[in-house]
Amino acid sequence: MSGPRVLSVASEVFPLIKTGGLADVAGALPGALAPLGVAVRTLVPGYPPIMDGLAGAKIVHRWPQFFGGPATLISAEVAGLALLILDAPHLYRRAGGPYGDAAGKDWPDNAERFAALAFAAAEVGDGALDDYRADVVHAHDWQAALVPVYLRFARSGRAVGKLPATILTVHNLAFQGQFPATLLGKLRLPADAFTIDGVEYYGHIGFLKGGLALADHITTVSPTYAREIQGAEMGMGLEGLLRHRSHALTGILNGIDADVWNPATDPHLATRYDGSRIDARRLNKTAIRRHFGLNDDESGPLVAVVSRLTWQKGMDLLLAALPRLLAEGGQLALLGAGDAALQSEFAAAATRNPGRVGVVFGYHEGLSHLLQGGADIILVPSRFEPCGLTQLYGLRYGAVPVVARVGGLADTIIDANDAAMGAGVATGFQFTPVTVDALEDALARAARAYRNNAIWRSLQERGMATDVSWGRPVRQYAELYHALADRP
Ligand code: ADP
């Protein structure tokens, strides 16, 4: 069967380059879609980690002058991904991260860097390669959001065959890519693209805004977030446009890589286990306590947090609720990086509560697995959360999620209220509104449940039996690709 050909355009892709959930999704979708007959090629910038060690690569296109320097398009098979790599050394070959330098400062030419990525995708979509046509171009986040804009306003004039359909997926509406209007020419955007129906956004060029206005379809990473972003509270200024486009907006939940995140085979755990050996988690808990300097007190739950330390993630709420957690006999093991002020407050909390609060700052993939494999609770008190992955890992590992009822957290956890407990469907604890009081109540409810072995075990078993794989989401993406590709 020959299914739709999809060109996925992303600024990061696991396992080659990753700063967040976007990379996981862009890296996992192609492999999960292949069995459904959907062939995905992934266009990424040629950052050093991607260019290093390229073998069997083939140049498939050249631009002598491309956003300030020469560029080539390279086709290569890497880590099971069919990549198209935009090699533009003046834009991407530099030490540091994909978006900024080692100190975390954004690259000053990010507008050009990601306009170039989208422009290349539009050219490929418009028939620049002799032997490749895409039925659908799937752009991820603001970095790729100009694809539909270029296809509308800056076509090369090649105009052979049918233009591909476009999808824009929003992984986090907080990042919108806003730049001065003076860049219009430099970004190869004609004046008529700078309107309310194009990239114009309060006098600036809005990458995400332009994509949201012009993509044939918009997706975001959970049904609840798809609704929330159409309201003023979470719409971040784009709610009006999103409401206007609501007929073309779908929420599709993220899945997780069930091989990388499998407690039965996970090399980062002290002890591996499955749903029939949940007791074995105790050894992982001991390992966590050693690592975080926590004592062996069993009077309450061991609560884990694996998170960026930011306002979005509600880390200030957790600091305020900490005394209540400790009063319930609980302990906290926090792994995180981010905001310096939050970091020092957590460090101070650990100093004040030796043996009861432990913190590790930095990014440690292995330790994040151990926390899921041994903690009693994984806590996610986000103010907004497009999908969230850590609560899904928690389900799979038997760490009971305590989450704010927002976005993907609302869609993936079933609160242990009386009705859900009676029906035997509960998997965790939710709280709303996202306040210190409500968080404290949820932690107290969870601590009470923790002291009842039968109830706690039932929550863990149900969580571990929940399907959090890509199976269902990938069928939804495939249906969407088919529907768009088949349009006249
Ligand atoms: P976001 O993408 O907004 O940061 P998600 O929950 O979607 O939030 O994804 C976060 C991912 O990053 C998860 O895979 C989580 O385990 C991982 N992560 C976050 N902070 C750390 C850390 N300090 N060390 C290791 N992994 C982390």
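Undergrad: So what's going on with the overall build of the protein chain? Residues and values would help.
TA: The helix and strand inventory of the protein chain stands at 19 helices and 18 strands. For 488 residues, the compact-globule estimate of 2.2 N^0.38 gives 23 Å, and the C-alpha radius of gyration of the protein chain, at 23 Å, lies within 12% of that figure. Its C-alpha atoms give the protein chain principal-axis dimensions of roughly 70 × 45 × 45 Å. Taken over 488 residues, the protein chain has a buried fraction of 59%.

Undergrad: Residue-level account of the sheet that holds strand 9 (residues 200-201), with values.
TA: If you trace the three strands from one edge of the open sheet to the other, you get 8-10-9, paired in antiparallel fashion. Either end of the sheet is taken by a strand with one partner, and the two such strands are strand 8 (178-179) and strand 9. Bridging between strand 8 and strand 10 (residues 204-206) involves two bridges; their strand directions are antiparallel. Its bridge partner being in strand 10, phenylalanine 179 is matched across the sheet by isoleucine 205. Helix 7 (residues 207-214) rests against strand 8, strand 9 and strand 10 of the sheet, and its axis sits at about 55° to strand 10.

Undergrad: Please provide a residue-by-residue account of the packing of helix 10 (residues 281-292) against helix 13 (residues 365-374), values included.
TA: Taken N-terminus to C-terminus, the directions of helix 10 and helix 13 make an angle of 130°; their axes are 7 Å apart at the nearest point. Viewed along their axes, helix 10 and helix 13 adopt a mutual orientation that is oblique. The way helix 10 lies across helix 13 gives a crossing that is left-handed. Here Arg281, Asn284, Lys285, Ala287, Ile288, His291 and Phe292 of helix 10 come into contact with helix 13, specifically with Leu367, Leu370, Leu371, Gln372, Gly373 and Gly374.

Undergrad: Pulling in residues and values, what's your account of the pattern of salt bridges?
TA: Within the structure shown, the criterion is met by 16 salt bridges. For glutamate 112, the salt bridge is made with lysine 186, and the minimal N-O distance between the two is 3.3 Å. One end of the pair, glutamate 112, is in helix 4 (residues 110-125); the other, lysine 186, is in the loop between strand 8 and strand 9, and 74 residues separate them in sequence. A salt bridge links aspartate 316 to arginine 383, with the shortest nitrogen-to-oxygen separation between them at 2.8 Å. Of this pair, aspartate 316 sits in helix 11 (residues 315-327) while arginine 383 sits in the loop between strand 16 (377-380) and helix 14 (390-397), and the two are 67 residues apart along the sequence. Connected through shared salt-bridge partners, Lys285, Arg289, Glu298 and Asp376 make up one network.

Undergrad: Please provide a residue-by-residue account of the domain arrangement of the protein chain, values included.
TA: For the protein chain, the assigned domains read domain 1 (5-255 + 471-485) and domain 2 (278-465). Distance from the C-alpha centre of domain 1 to the C-alpha centre of domain 2: 34 Å. Between domain 1 and domain 2, the contact holds 17 residues from the first and 17 residues from the second. A combined buried area of about 1200 Å² lies between domain 1 and domain 2, and 63% of that area is made up of carbon and sulfur atoms. Our enumeration of links across domain 1 and domain 2 arrives at zero salt bridges. Inspection of the domain 1/domain 2 interface yields five residue pairs in polar contact (both at pLDDT 80 or more). Sorting the residues of the side of domain 1 that touches domain 2 by element identifies helix 1 (21-33) and helix 8 (223-228) as the ones contributing at least two each. Looking at the side of domain 1 that touches domain 2, the element that brings in the most residues is helix 8, giving four residues.

Undergrad: Can you break down the site of the ligand residue by residue, with the values?
TA: The ligand sits among 15 residues. The nearest are Arg308, Lys313, Gly362, His364 and Leu389. For the ligand, an oxygen atom lies 3.4 Å from a polar atom in the backbone of glycine 21. Contact distances for the ligand include 2.9 Å between an oxygen atom and a backbone N or O atom of leucine 389. Contact with the protein chains removes 90% of the 560 Å² of surface that the ligand exposes when unbound. Mapped by element, the contributors of at least two residues to the shell around the ligand are strand 13 (302-309), strand 14 (331-338) and helix 14. Top element by residues in the shell around the ligand is strand 13. It accounts for three residues. Taken together, the residues of the shell around the ligand break down into five nonpolar, eight polar and two charged.

Undergrad: I'd love a proper account of the sheet that holds strand 14, names of residues and values included.
TA: With respect to topology, six strands assemble into an open sheet ordered 15-14-13-16-17-18, the strand pairing being parallel. The strands lining the two open edges of the sheet, one partner per strand, are strand 15 (357-361) and strand 18 (429-431). Taken pair by pair, the neighbouring strands of this sheet meet at an average axis angle of 20°, ignoring direction. Judged from the two bridges that link them, strand 13 and strand 16 form a sheet pairing that is parallel. By the bridge assignment, valine 303 is partnered in strand 16 with isoleucine 377. Taken strand by strand, helix 17 (residues 436-450) contacts strand 16, strand 17 (400-404) and strand 18, and its axis lies near 165° from that of strand 18.

Undergrad: Go over helix 17, please, and point to the residues and values.
TA: Its 15 residues place the ends of helix 17 21 Å apart at the C-alpha level, agreeing with the 21 Å of an ideal helix rising 1.5 Å per residue. Within helix 17 the residues assigned to the buried category are Ala438, Leu439, Glu440, Ala442, Leu443, Ala444, Ala446, Ala447, Ala449 and Tyr450. Those residues of helix 17 hidden inside the fold are in contact with helix 10, helix 11, strand 16, strand 17, strand 18 and helix 18 (453-465).

Undergrad: Which residues make up the environment of histidine 291, and what values do they have?
TA: Turning to its location among the elements, histidine 291 is positioned in helix 10. Residue histidine 291 is classed as partly exposed on the basis of its relative accessible area, which comes to 48%. Expressed as a C-alpha distance, the spacing of histidine 291 and valine 359, which sit 68 residues apart in the sequence, is 9.4 Å. Those residues in contact with histidine 291, other than ones at most four positions away along the chain, are Val360 and Leu367.

Undergrad: Let's hear about the nonpolar core: which residues, and what values?
TA: Leu7, Leu43, Leu86, Tyr150, Phe207, Leu212 and Leu332 are the most contacted members of the largest nonpolar core, which totals 153 residues. Here this core takes eleven residues from helix 4, the largest share from any one element. Composition of this core by domain shows at least three residues from each of domain 1 (5-255 + 471-485) and domain 2 (278-465). Residues contacting tyrosine 150, with those up to four places away along its chain left out, are Phe67, Ala115, Ala118, Phe119, Ala122, Arg155, Leu187, Arg188 and Leu189.

Reading guide: rules and limits
Residues numbered from 1 in each chain as written. Predicted model: local features only at pLDDT ≥ 70, side-chain atom pairs only at ≥ 80, totals over all residues. Heavy atoms only, no water. Helix = DSSP H or I, 4+ residues; strand = E, 2+ residues; numbered from the N terminus. Rg over C-alpha atoms; globule rule 2.2 N^0.38 Å. Buried < 20%, exposed > 50% of the residue type's maximum accessible area, 1.4 Å probe, protein only. Pairing = 2+ DSSP bridges. Contact = heavy atoms within 4.5 Å. Axes fitted to C-alpha atoms, helices over the stretch in contact; angles between N-to-C directions. Parallel < 35°, antiparallel > 145°, perpendicular 65-115°, else oblique. Left-handed = near helix turned anticlockwise from the far one by under 90°. Salt bridge = Lys/Arg side-chain N within 4 Å of Asp/Glu carboxyl O. Domains from an automatic or database assignment. Buried area = accessible area lost by both parts, 1.4 Å probe. Polar contact = N/O pair within 3.5 Å; in protein donor to acceptor, adjacent residues only side chain to side chain. Near = heavy atom within 4 Å. Areas by Shrake-Rupley, 256 points an atom, 1.4 Å probe, with all protein chains shown as cover. Nonpolar A, V, L, I, M, F, W, Y, C, P; charged D, E, K, R; others polar. Expected span 1.5 Å × (residues − 1). Core = buried A, V, L, I, M, F, W, Y, C linked by side-chain atoms within 4.5 Å.

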